[in-house]
Amino acid sequence: MKASTRRLMLILLGSLLPLVACFGCNRGSEGPTGFSGFSPSEKRTQIAFLVNGPVSDWGYNYSQNEGRLFVDQALGKEVRTGVLENIPETSEAERVMERAIEAGVKVVIATSFGYQDATIAVAGRHPDVRFLQAWGFKRSPNVGSYSVKMYEVWYLMGIVAGRMTKTNKLGIVAAHPIPPMKWQLNAYVLGARSVNPKVTATVTFINHWFDPVLAGQATEALINQGHDVVCGVLDSSVGVAQAAEKRGVWLIGHNADLSGFAPARCLTGTRWLWGKLYYDQIRLMLQGKWKGGEDATGGLKEGYVGMTGFSAAVPGEVQREVQTARQKIIDGKLAAYAGPISDNTGKERVPAGKTLSHEEIMGIDWLVEGVR
Amino acid sequence: MELTGLILGSAIAAGTPVLLAILGEILAQRSGIVNLGLEGAMALGAMTTAWVQLATGSTVLALIAGSIAGALLGLTHATLTVVARIQVLASGLCLFFVGKGLAGFWGAPIVGRPLPGLPSLRLTVLNEIPFLGPAILSQDIVVYLAIAIAAVMWWVLFRTNLGLLIQASGENAEVARAEGVPVVRIRLLCVTVGASLAGLAGAHIVLGFSHTWLDGIIAGRGWVAIGLVILARWNPIYALPCAYVFGGLIAIQLNAQAAGISISPYLLSMLPYIVTIAALTAAHLWSKRTAMPAEVANAEQ
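First things first, this report covers the structure right here in the doc. Residue positions are counted from 1 within each chain, in the order its sequence is given. The naming scheme follows written order: chains are lettered A onward, ligands numbered 1 onward. Under the rules for a predicted model, residues below a pLDDT of 70 receive no local features and side-chain atom pairs below 80 are neither given nor counted, while totals for whole chains, interfaces and linings still include all residues. Remark: hydrogens and water are excluded; side-chain values derive from all non-hydrogen atoms of the structure.

Side note on the pattern of salt bridges
Working definition: two side chains of opposite charge can pair if their charged atoms are close together. The salt bridge definition used is simple: a Lys or Arg side-chain nitrogen within 4 Å of an Asp or Glu carboxyl oxygen. Taken as a whole and judged by the stated rule, the model has 18 salt bridges over all chains. Across the pair A:Glu94 and A:Arg125 runs a salt bridge, and its minimum N-O distance is 3.1 Å. Within this pair, whereas A:Glu94 is found in helix 3 (residues 91-102), its partner A:Arg125 is found in helix 4 (residues 116-125), the two being separated by 31 residues in sequence. Burial status follows relative accessibility: with a 1.4 Å probe on protein chains alone, a residue under 20% of its type maximum counts as buried, one over 50% as exposed, and anything between as partly exposed. Judged by its relative accessible area of 24%, A:Glu94 falls in the partly exposed class. Owing to a relative accessible area of 46%, A:Arg125 belongs among the partly exposed residues under this scheme. Here A:Asp211 and B:Arg221 are joined by a salt bridge, their closest N and O atoms 3.1 Å apart. You can see A:Asp211 sitting in the loop between strand 7 (200-205) and helix 7 (212-224) and its partner B:Arg221 sitting in helix 10 (residues 221-231), one on each of two chains. B:Arg221 gets classed as buried once you look at its relative accessible area, which sits at 12%. A network of salt bridges, in which partner residues are shared, links A:Glu42, A:Arg44 and A:Arg80. The helix count covers DSSP runs of H or I at least four residues long, the strand count covers runs of E at least two residues long, and both are numbered beginning at the N terminus.

Section: the pairing of strand 4 (residues 130-134) of chain A
Residues and elements named next belong to chain A. Of all the five residues making up strand 4, four are buried; the element is thus mostly covered by neighbouring parts of the structure. Handedness of a crossover is defined as follows: orient the strands so they point away from the viewer, and if the path from the first strand over the helix to the second runs clockwise, the crossover is right-handed. In terms of handedness, the path from strand 3 (residues 107-110) via helix 4 over to strand 4 forms a crossover that is right-handed. Pairing of strand 4 with strand 5 (residues 143-148), which is carried by four bridges, proceeds in the parallel orientation. The residue bridging Ala134 from the neighbouring strand is Tyr146, located in strand 5. Think of it this way: DSSP has to see at least two bridges between two strands before they count as a pair.

A few points about empty space enclosed by the protein
Rolling a probe over the atoms, with the probe sized like a water molecule, indicates the empty space that remains. Here a cavity denotes a set of grid points, spaced 1 Å apart and computed over the protein atoms alone, in which a 1.4 Å probe fits but from which it cannot get out, and a pocket denotes an open set meeting protein on both sides within 12 Å along at least five of seven lines; residues with an atom within 4 Å of a point are reported as lining. Grid points are joined across faces, edges and corners, and a volume is the space filled by probe spheres set on the points. Following the criterion strictly, the structure yields one cavity of 30 Å³ or more and no others. In this structure, the largest cavity occupies an estimated 30 Å³ of space. A:Gln217, A:Glu220, A:Ala221, A:Asn224, B:Ser10, B:Ala251, B:Leu254 and B:Asn255 are the residues that line the largest cavity. At the level of secondary structure, the elements contributing two or more residues to the lining of the largest cavity comprise helix 7 of chain A together with helix 11 (236-258) of chain B. Looking at which element gives the most residues to the lining of the largest cavity, the answer is helix 7 of chain A, with four residues. All residues other than Ala, Val, Leu, Ile, Met, Phe, Trp, Tyr, Cys, Pro, Asp, Glu, Lys and Arg, Gly among them, are scored as polar; the first ten of these are nonpolar and the last four charged. Looking at side-chain class alone, the lining of the largest cavity contains three nonpolar, four polar and one charged residues.

Re the environment of A:Val371
Tracing the sequence through the fold places A:Val371 in the segment after helix 11 (358-362). Beyond its immediate sequence surroundings of up to four residues, A:Val371 is in contact with A:Leu185, A:Val189, A:Ala201, A:Val203 and A:Asn344. We call two residues contacting when some pair of their heavy atoms lies within 4.5 Å.

What about a nonpolar patch on the surface?
Residues and elements named next belong to chain B. Residues enter patches when their relative accessible area tops 30% and they take part in no salt bridge; the joining distance is 9 Å for like charges and 5 Å for the nonpolar side chains Val, Leu, Ile, Met, Phe, Trp and Tyr. In short, Shrake-Rupley with a 1.4 Å probe defines the accessible areas, and a residue's cover is counted only from the protein chains shown. Taken together, the side chains of Val60, Leu61, Ile64, Ile68, Leu72 and Leu75 present a nonpolar region at the surface, about 540 Å² in accessible area. Positionally, Leu72 belongs in helix 3 (residues 59-83). Residue classification places Leu72 among the exposed residues on the basis of a relative accessible area of 53%.

Here's the deal with the state of the cysteines
Two cysteines joined by a covalent bond between their sulfur atoms form a disulfide. All names here are of chain A. When two cysteine sulfur atoms are found within 2.5 Å, that pair is recorded as a disulfide. Across all of its chains, the model carries zero disulfides over all chains by this definition. For Cys266, which is in no disulfide, the shortest distance to another cysteine sulfur is to Cys231 and amounts to 11 Å. Overall, Cys266 belongs to the buried group, its relative accessible area being 7%.

So, the sheet that holds strand 6 (residues 169-174) of chain A
All names here are of chain A. Spatially, six strands are ordered 7-6-8-9-10-12 in an open sheet, and the strand pairing comes out mixed. Edge positions in the open sheet fall to strand 7 and strand 12 (305-308), since each of these has one partner strand only. Going across the sheet, the axis of each strand differs from the next one's by a mean of 20°, ignoring polarity. In this sheet, strand 7 lies alongside strand 6 in parallel orientation, the contact comprising six bridges. For helices, the fitted line uses only the C-alpha atoms of the stretch in contact; every axis is such a line through C-alpha atoms, and the angle between N-to-C directions lies from 0 to 180 degrees.

What about the pairing of strand 1 (residues 45-50) of chain A?
Residue and element names in this part refer to chain A. With respect to burial, strand 1 is a largely interior element, five of its six residues being buried. Relative to strand 2 (residues 79-84), strand 1 is paired through six bridges, and the arrangement is parallel. Residue pairing for strand 2: Ile47 is matched across the bridge by Thr81. Of the pairings in the sheet, the one linking strand 1 to strand 3 comprises four bridges and is parallel in character. Among the inter-strand pairings, Ala48 is bridged to a residue of strand 3, identified as Val108.

Rendered as structure tokens:
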């Protein structure tokens, strides 16, 4: 190639890159996201949300951003919020928190368990800043933890699944064999077996938080083995939904409304309602009543978790059965983890008459009877 | 028996995006240029496909657009490395981040918007084979397209004059240039076309599997493909079994878990990678002569 042609191509390429970048800039200003949204001269209380992936995951982080927007709407006159996406759960999180505080942030909300050590470290250096740590167990005077009782919703999902299955086999695709997955899927199976003792469940761990293609394959493998109600205990259940729709089995959604992905097959699903929890916590802070060192938690009763609507495929009597159970949980007359409960090796884990506390549930590292 | 068919069908379907990516990398490396930006080209292709499918409703246009998006990233890589002589591994790695970043950024408005699936093709004669037929042979069109591309690429590389020119560029660019081979143009062509196949692989992931665009959806398949190029010995035909066996091992471990076989899921999910390493070792012991294009070997030293 001649030298002149080579120069021409380089000039073309050189002019293309800034063009691409500019196109990017114009599209970027959608809302107060990133550090640019914060300013030290801002009069309102500035709140930074840290999430470990993109908020566009149609999963956990998506639900966190929904919660942030809820707070924005409800308390917009007094607070200004921003989300910091894709923040790794390493010491990088500390650096990001420091930068946010430099930009005038007074409340840091760490939405993932993995930020816990960074939160404690930064909080020690900034006693005037308040921190909320998701799923945490380490607290201090300016660090409060929070968690929600999603197992209550999973129990209700189990009732639907137990009533809808014909083969009595439920298929579950889960991310990792760790307590946050186990306490969710156990509650689901306990709910199903409460209405249909013949139900068994098979769980496939795919060892990825986010891989819709792999999740779809895992779901198809479960369907091959005769499981006729499937769900995903993952960051994003989109792949599970696609497989359910394609192969014609029932789907229980998780994290976000998945009925758009499986219109004919999505029975109902779980929802995180972080907005209500954040609203309550931030209101306490604005009123000067907030105290660190405590765990804020709630479930169906507080409106911190909920379910998406029923599809027409769920018979009216099942819908009523679920509503009754929901009311009983709210009234404290029914609990997912009420004994007797054995694990899948036959060992008794919760004796009759005892009900596990929220804190005990968060540490569950066994699988309930009926799961393999 | 029916289950075997289902597993095989799943293996072929899941292996196809990896196959397309391997083919794309083989073409680039045969001309002497490693493209580490493969995963980025796949992401860009996937995002573009989703946009065009939503905007036009045409699956064919969407597949073409996804390929073009991948090709543009490939052309950038080729221009930077072949024309501007930027270090090939550095350029590829940078373009991986550029491709992934742009895909995430431009794709943000359409995240989670449902897309229609690909039409599947039933080969009527073969479909009559009992048990296996229906499961294996009612795949979507891209699956067959990928097999056709592998065959065409093999023919071009090993049976045509152009193929000789490509191999000459990949084996010794200096000598080739002295012999009058248009090395720069050949490499621009191969890297661009190769990356367009990566774009098509991304298109297959959004239209064939997830039916929606989500950031991070390629989930490392591009990197797996770069590894499998070595196992395929830079031969498009060998790429077929490599991709399908890889897809098959994943399908087998998932089906084993679904059937309740109690092996640690951590060990099971290692299976595809252990087999890959074992096969690489076996291939190395079998034949000391490596198939790696010499120019690629130079770049990696």
